[in-house]
Amino acid sequence: NAFKYTSLAGACGLVYTVVAMGVRYLDGTYLPGRPLHTQIAPHLQPAVGIHGGTVWSSQALVLVSCLTVAFTAHYNAPKFYRELERRSLPRFYLVAALGFTCAAAIS
């Protein structure tokens, strides 16, 4: 399989990212008052939990909708390409761009 090495590299990168985020979360590196938190510009500092909100808010449902569309588009992209008439990468790019433009226009 031509993609086995790049897939392995991608999977290793994801595992590394998850481990690094877990370590930073558990040691409290970015908690208010800690050195790395104070180095973040005030307008960029995280405000998690300050504004209230829940996972059942309308904003969370918009996020779920966007993630679902993103997953579906990536999962089905090879199928869409395979079924494209007179397929070529430039034609696929055009069809994808038109699809995203139409989706953005109606949302």
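One can find the structure itself at the top, above this paragraph.
Residues numbered from 1 in each chain as written. Predicted model: local features only at pLDDT ≥ 70, side-chain atom pairs only at ≥ 80, totals over all residues. Heavy atoms only, no water.

Caption draft 1: The arrangement of unusual backbone geometry in detail. The backbone phi angle of Arg 86 is positive, close to 45°, even though this residue is not glycine. Tracing the backbone shows Arg 86 in the loop between helix H3 (58–83) and helix H4 (89–106). Exposure remark for Arg 86: the relative accessible area of 64% places this residue in the exposed category. (Helix = DSSP H or I, 4+ residues; strand = E, 2+ residues; numbered from the N terminus. Buried < 20%, exposed > 50% of the residue type's maximum accessible area, 1.4 Å probe, protein only.)

Caption draft 2: View of the packing of aromatic side chains. Per the stated rule, a full pass over the model turns up two aromatic pairs. A ring pair is formed by Tyr 81 and Phe 92, whose centres lie 5.5 Å apart and whose planes are at 90°; its orientation type is edge-to-face. Note that Tyr 81 is positioned in helix H3 and Phe 92 in helix H4, a separation of eleven residues in sequence. Under the relative-accessibility criterion, Tyr 81 is labelled partly exposed at 27%. (Phe/Tyr/Trp six-rings, centres within 6.5 Å; stacked < 30°, edge-to-face > 60°.)

Caption draft 3: The arrangement of H3 in detail. The terminal C-alpha atoms of H3, which comprises 26 residues, lie 36 Å apart, in line with the 38 Å expected from a rise of 1.5 Å per residue. If you look at H3, its biggest bend is around 50°, right at Asn 76, and the proline Pro 78 turns up within four residues after that. (Expected span 1.5 Å × (residues − 1). Bend = angle between axes of the 7 residues up to and from the residue.)

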